[in-house]
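Inside the fold
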Amino acid sequence: MARIQDLTLIYLDVETTGLSPHHGDRVCEIALLKVSGGRTLDAFDTLLNPEHLISPGATAVNGITNDMVRNKPLFLNVVSQVLSFFHDPDSVLVAHNAPFDLEFLASELGRLALPLPRLPVLDTLRLARKCYRFPSNSLPQIALSLGIPIGVRHRAMPDVLTTREVMEMFLIDFRARNLDTLKALMEIQRGEVHPPPFLPSYPIPPDLEEALQQGKKVHIRYISADGIQTSRWIEPLQVEARMDALYVVAYCHLRQAERSFRLDRILEIRQE
């Protein structure tokens, strides 16, 4: 039974031109960090020319502009360096909100007819939700709650380094609970983490995209599968591709709980 301390952890973060590759968004920065036994074995990070305009909302979050990436390498030019991190079969990929990063990485690799490497994945967002009660499960808020100093936010390598520190503090706590195996942590986060399936494009409304990027609340009018219309305030958390459609996962003030809403069933949306 593999113990975490015996495995190589590969930390990943990507910054992107927008929220979803289903709508043509691309990776504009990638960072990878390989760690084993507490030692850094390898690191790689670079801005990328995404061959796609960076949305103003994305720039507002990560500070990456179109001018900054214009003369940077394409993903094609760095794919061999990226894939070199995934050769060790005893590795585990670690990311915060891993499906987001995996979805974009799978999309970039898919453009080159390359498969996403098959490794176990640990998601610090899932682990935080299952095991702790932070004021917010955003990476900066978790770090602040744990006393981890943070500098630049929403850039790939700084976020990777923060994710590493968060994960290492989680692992100290898990070892104290005798939860020091990969199997135990996979059970805590309720199984494998995979990128969502690719679905036909459906546009994200601009007000919703802005709310996702800036943490704003929005009011929606929504029609359920049985035709019932409701109005409610929601705080969007992320967009997920599922087997049948694209959904926005959000905190619903009407139900006072996290809920999922099919994008094509949102009839109207407005910001507060």
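Every chain is numbered on its own, with residues counted from 1 as its sequence reads. This being a predicted model, a pLDDT of at least 70 is required before a residue's local features are given, and a value of 80 or more before pairs of side-chain atoms are given or counted; all residues contribute to the totals for chains, interfaces and linings. The basis for every side-chain value is the complete set of non-hydrogen atoms in the structure, without hydrogens or water.

A closer look at the overall build of the protein chain
We count it as follows: Secondary structure counts use DSSP, requiring at least four H or I residues in a row for a helix and at least two E residues in a row for a strand, with both numbered from the N terminus. Summary of the burial criterion: residues with accessible area below 20% of their type's maximum are buried, those above 50% are exposed, and those between are partly exposed, where the area comes from a 1.4 Å probe applied to protein chains only. Surface exposure here means Shrake-Rupley accessible area, sampled with a 1.4 Å probe, where a residue is shielded only by the protein chains that are shown. Positive charges come from Lys and Arg alone, negative charges from Asp and Glu alone, with His and the N- and C-terminal ends not counted. One atom stands in for each charge, and that atom is NZ of Lys, CZ of Arg, CG of Asp or CD of Glu.
Along the backbone of the protein chain there are 9 helices and 10 strands. In the protein chain, which comprises 272 residues, the share counted as buried stands at 48%. When the accessible surface of the protein chain is split by element, carbon and sulfur atoms take 50% of a total near 13,100 Å². If the 29 positive side-chain charges of the protein chain are averaged to one point and the 33 negative ones to another, these points end up 5 Å apart.

Re the pairing of strand E3 (residues 39–47)
Operational definition: Two strands qualify as a pair provided DSSP detects at least 2 bridges between them.
With 8 bridges joining them, strand E2 (residues 27–36) and E3 adopt antiparallel strand pairing. The residue of E3 that forms the bridge with Ile30 is Thr46.

Some remarks on a nonpolar patch on the surface
Worth spelling out the cut-off: To count toward a patch, a residue needs a relative accessible area above 30% and no salt bridge. Like charges then connect within 9 Å, nonpolar side chains (Val, Leu, Ile, Met, Phe, Trp, Tyr) within 5 Å. Salt bridge, as applied in this entry: a Lys or Arg side-chain nitrogen positioned within 4 Å of an Asp or Glu carboxyl oxygen.
The grouping of Leu76, Leu112 and Leu114 at the surface amounts to a nonpolar patch, some 230 Å² of accessible area in total. Positionally, Leu76 belongs in helix H3 (residues 75–83). For Leu76, a relative accessible area of 51% gives the class exposed.

Quick notes on the packing of helix H5 (residues 124–131) against helix H7 (residues 156–176)
When two helices pack together, their arrangement is given by the angle between their axes and by how far apart the axes lie. Selection rule: Axes, fitted as lines to C-alpha atoms, cover a helix only where it is in contact. Angles between the N-to-C directions of the axes lie from 0 to 180 degrees. For classification, angles of less than 35 degrees are called roughly parallel, those exceeding 145 degrees roughly antiparallel, those between 65 and 115 degrees roughly perpendicular, and all remaining angles oblique. Handedness of a helix crossing follows the sense of rotation of the near helix relative to the far helix, less than a right angle counterclockwise being left-handed and clockwise being right-handed. Whether two residues are in contact is decided by their heavy atoms, any of which lying within 4.5 Å being enough.
The interhelical angle for the contact between H5 and H7, taken along N-to-C directions, is 40 degrees, at an axis separation of 11 Å. The orientation of H5 with respect to H7, classified from their angle, is oblique. Once H5 is placed against H7, the crossing between them reads as left-handed. Where H5 abuts H7, its residues Thr124, Leu127, Ala128 and Cys131 lie against Thr163, Met167, Phe170 and Phe174.

Concerning the environment of Thr16
We apply this condition: Two N or O atoms count as a polar contact when they lie within 3.5 Å, although within protein this holds only if one can serve as hydrogen donor and the other as acceptor, and sequence-adjacent residues are included solely when both atoms are side-chain atoms.
Within the fold, Thr16 resides in strand E1 (residues 8–16). The spacing of Thr16 and Arg155 is 139 residues in sequence and 10.0 Å in space, taken between C-alpha atoms. Filtering out sequence-adjacent residues up to four positions away, Thr16 remains in contact with Arg26, Val27, Cys28, Ala58, Asn62, Phe100 and Phe104. Within the structure, Thr16 has its side chain in polar contact with the backbone oxygen of Gly18 (distance 2.5 Å).

A closer look at the nonpolar core
Inclusion rule: For our purposes a nonpolar core is just a set of buried Ala, Val, Leu, Ile, Met, Phe, Trp, Tyr and Cys residues, chained together by side-chain atoms within 4.5 Å.
Ranked by internal contacts, the top residues of the largest apolar core, which has 31 residues, are Ile4, Tyr11, Leu122, Met167, Phe170, Phe174 and Leu185. Listing elements by their share of this core, those giving two or more residues are E1, E2, strand E4 (91–95), H5, helix H6 (139–145), H7 and helix H8 (182–188). The greatest single-element share of this core, amounting to 8 residues, is contributed by H7. Residues Ile30, Leu32, Phe75 and Leu119 belong to the second largest nonpolar core, which totals 25 residues.

Quick notes on the sheet that holds strand E5 (residues 121–123)
If you walk across this open sheet you meet the 5 strands as E3-E2-E1-E4-E5, and the pairing is mixed. Edge positions in the open sheet fall to E3 and E5, since each of these has one partner strand only. Mean inter-strand twist for the sheet, computed between neighbouring axes without regard to direction, equals 20 degrees. Across the sheet, helix H4 (residues 98–111) is in contact with E1, E2, E4 and E5; its angle to E1 comes to roughly 75 degrees. Contacts from H5 reach E4 and E5, with the element oriented near 55 degrees to E5.

Digging into the packing of H3 against H4
The criterion, for reference: Just so you know the grouping, Ala, Val, Leu, Ile, Met, Phe, Trp, Tyr, Cys and Pro go in nonpolar, Asp, Glu, Lys and Arg go in charged, and all remaining residues, Gly too, go in polar.
Remark: H3 packs on H4, axes separated minimally by 11 Å, with the N-to-C direction vectors making an angle of 115 degrees. For H3 against H4, the interelement crossing comes out left-handed. Counted together, Phe75, Val79, Val82 and Leu83 of H3 and Leu105, Glu108 and Leu109 of H4 form the full contact between these two elements. Considered class by class, the residues forming the contact of H3 with H4 number 6 nonpolar, no polar and 1 charged.

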